[in-house]
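The chain contents come next:
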Amino acid sequence: MRPPVSVPTLSRRAKVVIGAIAVLLVLFTAIGTLTNVYVDYLWFDETGFTEVFWTELQTRALLFAVAGVATGGLTALAIYLAYRFRPTFRPMSLEQQNLERYRQSIEPRRILVLTSVAVVLGLFAGFTAQGSWETWLQFRNSTDFGRTDPQFGLDVSFFVFDYPFYRLLLSFGFAIVILALIGSLLTHYVFGGLRLQTPGQKLTGAAMVQLSVLLGLFVALKAVAYWLDRYALVYSDRGGLFTGASYTDVNALLPAKTILVFAAAVCAIAFFANIVVRNFRLPAAALVLLLISSLVIGVAYPAIVQQFIVRPSADQREADYIARAIESTREAYDLTDVEYVQYAQQETGEQVDPAAALAELRNDTETIPNARLLDPNVLSDTFTARQQIRNVYGFPEKLDIDRYTVDGETQDYVVAVRELNSQGLSENQDTWINRHTVYTHGNGFVAAPANEVVAGQEGGEPRFTTRDLPTRGNIEVSDDGARIYYGELMRDYSVVGAPEGSEPREFDLPEGSDGEGQINNTYDGRGGVEIGSFFRQLTFAIFYRERNFLLSSAVNDASKVLYVRDPLDRVEKAAPFLTVDGDPYPAVIDGRVTWILDGYTTSGSYPYSEQMELGEAAADALTGTGTTALPNETFNYIRNSVKATVDAYDGTVTLYEWDTGDPVLQTYMKAFPGLVEPREDMSADLVSHVRYPEDLFKVQRDILTRYHVSDPGDFYSGNDRWAVPADPTQDTQEPQPPYYILAQRPGDPEASFQLTSALNAFRRENLSSFVSASSAPDTYGQIQVLTLPGNTPFRGPQQVQQSFITNNQVRPDLTLFNSAESRAVFGNLLTLPIGDNGLLYVEPLYVEGTGENSFPLLQKVLVNYGDRVGYANTLAEALDQVFGAGAGEAAVDNEDAPAPTDQPDAPATPTLPPPADGGTGTPSTPEMQQAVEAINNALAALQTAQRNGDFAGQGQALEDLQEAVTAYQTAQAQAAQATTPGG
């Protein structure tokens, strides 16, 4: 035999150095981890959500401990038993001689090796399991949906809450058995219980018993897996066009899975019987039978049924299962109460009657006057240029749309808050003191009516009705309410607060109202974590790796640190089970700027519902441009269950239960009692500013493109499928964003704030429908779909945009605007329903200089109706080009429009005085009679032009009518003066 090879050993000093380094690494890691946890706790304590912190921490710790102990402990137990029952004597063979060196190395360290294996596997399993803390909380606090699955007769809650937890348990069961089996095999092999190359018996009795038990457990778990696979059929995609159990799944695969359950159970019994029989032939035969059965009845038979029974007549075979998918998908995406309106339907199938459209336009007092000309996605630079005030302030890349009622009139506004933008600090300003203790907050609320611009030299700018510093205008904001300590641009922490009587150091206003110099302020809100103690200061010095927490005089006994300042981050942290809409928006509630956010509860386990990727479904051409993309996780159930608010001054987070019938939210409310406030606690002022959320609407409109069809046969054929159009104003194929508008929906008595989107025919640019979701408090969430006749090619957004770009008037201006000094910027292409007759497209056109600090200004307005294009400086003038002279002014300025008569397509007829003996005392004069005749002739000409669709003739008739009415009124006044005594 060869002499043993000596292994070099480390010196004592080297061991000490290595040990010290290891201890320091562990110490630094532990300090960093504990610091992060402690800072997290301080944030939860400041916001009043410690229950969330402890519940999540305890749940994670519980799962970590259970999974870690079970995995590491049971695996170690299996290895220990394999070692404990190792053979005392092993036959001499080359194989055993080669293994002897490993046995000699392991024997003295077997406890260390076994403990290390258990700890490593336990840590790995624990870290994996703790990430499923929400699955455990849902299982433990599950709430019934009150809706039964059509196949198994179980409440939907079983699939949403219970089934995922059973699958989690099963996966850990398989992992433990496999690890135990591998550990046992290796141990038996090393210590002679398993002899692969030695002649004679390959397994000792103890090894055979242990391996039989472990294999039996594995196959028994497989039987459980087959049983759970039966319920997994509700998520099947075998049908291709729909989700859920198909004809083949129900009639072939479901019976096969049931048979395999019993086959696996018999196979497991055969392995357990081997404890006594101790012959692997019987369990091996059972295992082969199970494999063959799974291939024949679990794979081949369903494939045969699908190929030869279903595929030849799939539309009929799958009809019942498609109906299930349609119903469940609509329920899962909250689309069960959609109102479908047959819009602009003509018995003759011809294009919309232009005369009727003109009448609708002239009688419209809600939609056209509120047509939005300011695009919040374009105007950030304009707001910055006109309302930034100082370089330390800034506006988000995307502004917001909201509505306010001022002097009894409800109007939509482009709104924004003047936030602190630390990225705008100059080189001289950008010090730790300035960045974190002086420039601590933004200031002010800015609003401009969405349908107005400034005329004159500054033409094309928004007309700011709430503006400047301090904030002034028609929307009242208190001084504290206007200070913005929490906002979308605030990524840095700030140290605020000062001892009583000390000089304020926080920059607040550039100058006072009386012309005095810079005004400073000291934060006195309840937001922020107190850091007056040395321990707290040391904690944040470690957390931020910033020694100024310990050295700077700006950090004192009264100091607080503000962090996690983005409203979206605050809500996600306070309610980690929510997915938050990517577009928070500011509103003035009771004089305070308040961020409003929408929280979604989602699930990926709703039976028969189509699964989607959340991030993809909620994306559009502007996602990531001032908005936050949603996580790209698989889901098939969503509810706007929570409305959340974040006070811009003190950071207070409040969650309100908005969807009171959502079982997922009710489940989490059991897990986190007191976290979500009742809906009734929302103030009327807050409710008046809630909006239907954009990300949810984008998901729903995507679902509606397929699931608006109720007939299974039509769904299968796909001949009435819709599609979300690409954004025609962007150089991209990403979907067009939905738009908030204040408009009157068909059938509604007045205008309402709503979120809207046009939908095209599938793989066509023709318009098929128009979807709107109401944000009005009384009708919130009501979705209306205007379906257009399929035999009429209504233009879609892309076609309308092409008609704009190629127009003879527009094309030369675009060439002029797109020069070395400027560029044209198309705003949002809005689709507006006009009465019951058709859809009007309105698009603003901005021009922006190419120089530094340039900003876009509204220069033109484009209008499309049918095949006619209007292009002018104002909306009224553009409407005149489409509908005839006078139509635009009457539609836009509806207060001056003549009142409608019994004949809707005619202008109001003036009420002429009766003859002198009728009691007026004013005789009829030849001039008056001549004016009446001119009025009647103009009305007749207007009716003829309307019947013929002659827009130019209508415009001329309206002008003649106005002249005749003026002539009559003049003649009447002269006659009255002549009959007055002394006249």
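Everything numeric in this text was worked out from a predicted model, so none of it was measured.

With respect to the overall build of the protein chain
Scanning the protein chain from N- to C-terminus turns up 29 helices and 32 strands. Taking all 983 residues of the protein chain together, 52% fall into the buried category. Taking the intrachain contacts of the protein chain between residues at least 6 apart in sequence as the baseline, contacts between residues at least 24 apart amount to 68%. Accessible surface, the protein chain: about 44900 Å² in total, of which carbon and sulfur atoms supply 53%.

Considerations on the confidence of the model for the protein chain
Residues of the protein chain with pLDDT of at least 70 account for 88%, and the chain-wide mean is 87. Note on residues 1–7: pLDDT is under 50 here. Beyond four places in sequence and across chains, it has 1 contact. Scored below 50 in pLDDT, residues 895–922 makes 40 contacts in the model with residues more than four places away or belonging to other chains.

Observations regarding the side chain of Asp695
Checked against the element boundaries, Asp695 lands in helix H22 (residues 694–707). Look at Asp695 and you get buried, because its relative accessible area is 6%. Of note is the side chain of Asp695, whose polar atom sits 2.9 Å from the backbone nitrogen of Gly582. Not counting residues within four places of it along the chain, the set of residues in contact with Asp695 comprises Asp581, Gly582, Tyr600, Ala618 and Leu630.

Side note on unusual backbone geometry
At the junction of Leu469 and Pro470, the peptide bond is cis and its omega measures out at -15° in the coordinates. Considering the arrangement of structural elements, one finds Pro470 in the loop between strand E8 (466–467) and strand E9 (472–473). Although it is not a glycine, Tyr608 sits at a positive phi angle of roughly 70°. Mapped onto the elements, Tyr608 comes out in the loop between strand E18 (592–603) and strand E19 (612–613). In this model, Arg763 sits at a positive phi of 55°, which is unusual for a non-glycine residue. Among the secondary structure elements, Arg763 is positioned in the loop between strand E25 (752–761) and strand E26 (767–774). Taking the relative accessible area as the measure of exposure, Arg763 reaches 69% and is therefore exposed.

Quick look at the sheet that holds strand E15 (residues 560–562)
One open sheet accounts for 3 strands, arranged E11-E15-E14; its pairing is antiparallel. Sheet topology places strand E11 (494–496) and strand E14 (529–530) at the edges, where each strand pairs with a single neighbour. Where E14 and E15 come together, 2 bridges link them in antiparallel fashion. Across the sheet, residue Val529 finds its bridge partner in E15, namely Val561.

Regarding the packing of aromatic side chains
What characterises a pair of aromatic rings is the spacing of the ring centres plus the angle enclosed by the ring planes. Counted under the stated rule, the structure contains 51 aromatic pairs. A connected cluster of aromatic rings, assembled from ring pairs, spans Trp136, Phe139, Phe152, Phe158, Phe159, Phe165, Tyr166, Trp227 and Tyr231. Over the ring of Tyr585 we find Arg691, and its NZ or CZ is 3.9 Å from the ring centre. In this arrangement the basic side chain of Arg721 is found over the ring face of Phe762, its NZ or CZ atom lying 4.3 Å from the centre.

Details of the packing of helix H2 (residues 50–84) against helix H4 (residues 110–130)
Where H2 meets H4, the axes come as close as 7 Å, and the angle between the chain directions of the two elements is 145°. Between H2 and H4 lies a crossing of right-handed hand. Counted together, Arg60, Leu63, Phe64, Ala67, Gly68, Thr71, Gly72, Thr75, Ala76, Ile79, Tyr80 and Tyr83 of H2 and Arg110, Leu114, Val117, Ala118, Leu121, Gly122, Leu123, Ala125, Gly126, Phe127, Ala129 and Gln130 of H4 form the full contact between these two elements.

Side note on the nonpolar core
Generally speaking, nonpolar side chains in soluble globular proteins are found buried as a group. In this structure, Phe383 and Phe445 are the most contacted members of the largest nonpolar core, which totals 189 residues. The element best represented in this core is helix H6 (residues 156–190), accounting for 12 residues. In this structure, Tyr343, Phe770, Leu788 and Leu829 belong to the second largest nonpolar core, which totals 24 residues.

Focus on the environment of Met490
Positionally, Met490 belongs in the loop between strand E10 (483–484) and E11. Measuring from C-alpha to C-alpha, the distance between Met490 and Asn421 comes to 6.9 Å, with 69 residues separating the pair along the chain. Excluding anything up to four places from it in sequence, Met490 contacts Glu419, Leu420, His441, Gly442, Ile484, Tyr485, Arg565 and Asp566.

Focus: the pattern of salt bridges
The tally for this structure, following the rule as stated, stands at 34 salt bridges. Here Arg60 ties to Glu56 by a salt bridge, and the two come within 2.9 Å at their closest N and O atoms. Residue Arg60 and its partner Glu56 are both found in helix H2; the two are separated by 4 residues, about one turn of the helix. Across the pair Asp468 and Arg472 runs a salt bridge whose closest N-O atoms are separated by 2.6 Å. Judged by relative accessible area, which is 44%, Arg472 ranks as partly exposed. Through salt bridges with shared partners, a single ionic network connects Lys398, Asp400, Asp583, Arg691 and Glu694.

A few points about the packing of H2 against H6
It is the contact of H2 with H6, at a shortest axis distance of 8 Å, that shows an interaxial angle of 25°. The angle between the axes of H2 and H6 places the two elements in the roughly parallel class. When the axes of H2 and H6 are compared, the crossing they make is right-handed. Contacts between H2 and H6 involve Ala67, Ala70, Thr71, Leu74, Thr75, Ala78, Ile79, Ala82 and Tyr83 from the first element and Phe172, Ile176, Leu179, Ala180, Gly183, Ser184, Thr187 and His188 from the second. Classifying every residue of the contact of H2 with H6 gives 11 nonpolar, 6 polar and no charged.

A look at a nonpolar patch on the surface
There is a patch of nonpolar side chains on the surface, built from Leu24, Leu27, Phe28, Ile31, Phe534, Leu538, Ile542, Leu550 and Leu551 and spanning about 840 Å² of accessible area. Sort the elements by how many residues they give to the nonpolar patch and helix H1 (residues 12–47) lands first, with 4 residues. Along the chain, Ile542 turns up in helix H16 (residues 534–544).

Remarks on helix H20 (residues 663–671)
Looking only at H20, the buried set comprises Pro663, Val664, Leu665, Thr667, Tyr668 and Ala671. On its buried face, H20 is in contact with H2, helix H5 (133–140), H6, E18, strand E21 (637–647) and strand E22 (653–657). Of the residues that open H20, the one with a side-chain oxygen 3.2 Å from the backbone nitrogen of Val664 is Asp662.

Structural notes on helix H8 (residues 247–277)
In this model, H8 (31 residues) spans 44 Å end to end at C-alpha, consistent with the 45 Å of a helix rising 1.5 Å per residue. The sharpest bend along H8 measures roughly 40° and falls at Leu253, with the proline Pro255 sitting one to four residues further on. Residue Arg278 follows H8 closely and has a positive phi angle near 55°.

Notes on the pairing of strand E31 (residues 857–865)
Buried residues dominate E31, accounting for 8 of its 9 residues. Inspection of the sheet shows strand E30 (residues 838–849) paired to E31 by 7 bridges, in the antiparallel sense. Among the inter-strand pairings, Tyr846 is bridged to a residue of E31, identified as Leu858. Note: E31 against strand E32 (residues 868–872), 5 bridges, orientation antiparallel. Within E32, the position partnered with Leu862 by the bridge is Tyr871. Between the antiparallel neighbours E31 and E32 lie 2 residues, among them Gly866 with a positive phi of about 65°.

Here we look at the environment of Pro302
By the element assignment, Pro302 lies in helix H9 (residues 281–310). A sequence separation of 49 residues divides Pro302 from Leu253, and the C-alpha atoms of the two residues are 5.8 Å apart. Those residues in contact with Pro302 that lie beyond four places of it in its chain are Arg238, Thr248, Ala252, Leu253 and Ile297.

Procedures and definitions
- Residues numbered from 1 in each chain as written.
- Predicted model: local features only at pLDDT ≥ 70, side-chain atom pairs only at ≥ 80, totals over all residues.
- Heavy atoms only, no water.
- Helix = DSSP H or I, 4+ residues; strand = E, 2+ residues; numbered from the N terminus.
- Buried < 20%, exposed > 50% of the residue type's maximum accessible area, 1.4 Å probe, protein only.
- Contact = heavy atoms within 4.5 Å.
- Areas by Shrake-Rupley, 256 points an atom, 1.4 Å probe, with all protein chains shown as cover.
- pLDDT = per-residue confidence, 0-100.
- Polar contact = N/O pair within 3.5 Å; in protein donor to acceptor, adjacent residues only side chain to side chain.
- Pairing = 2+ DSSP bridges.
- Phe/Tyr/Trp six-rings, centres within 6.5 Å; stacked < 30°, edge-to-face > 60°.
- Lys NZ or Arg CZ within 6 Å of the ring centre and 35° of its normal.
- Axes fitted to C-alpha atoms, helices over the stretch in contact; angles between N-to-C directions.
- Left-handed = near helix turned anticlockwise from the far one by under 90°.
- Core = buried A, V, L, I, M, F, W, Y, C linked by side-chain atoms within 4.5 Å.
- Salt bridge = Lys/Arg side-chain N within 4 Å of Asp/Glu carboxyl O.
- Parallel < 35°, antiparallel > 145°, perpendicular 65-115°, else oblique.
- Nonpolar A, V, L, I, M, F, W, Y, C, P; charged D, E, K, R; others polar.
- Patch = residues over 30% accessible without salt bridge, like charges linked within 9 Å, V, L, I, M, F, W, Y side chains within 5 Å.
- Expected span 1.5 Å × (residues − 1).
- Bend = angle between axes of the 7 residues up to and from the residue.

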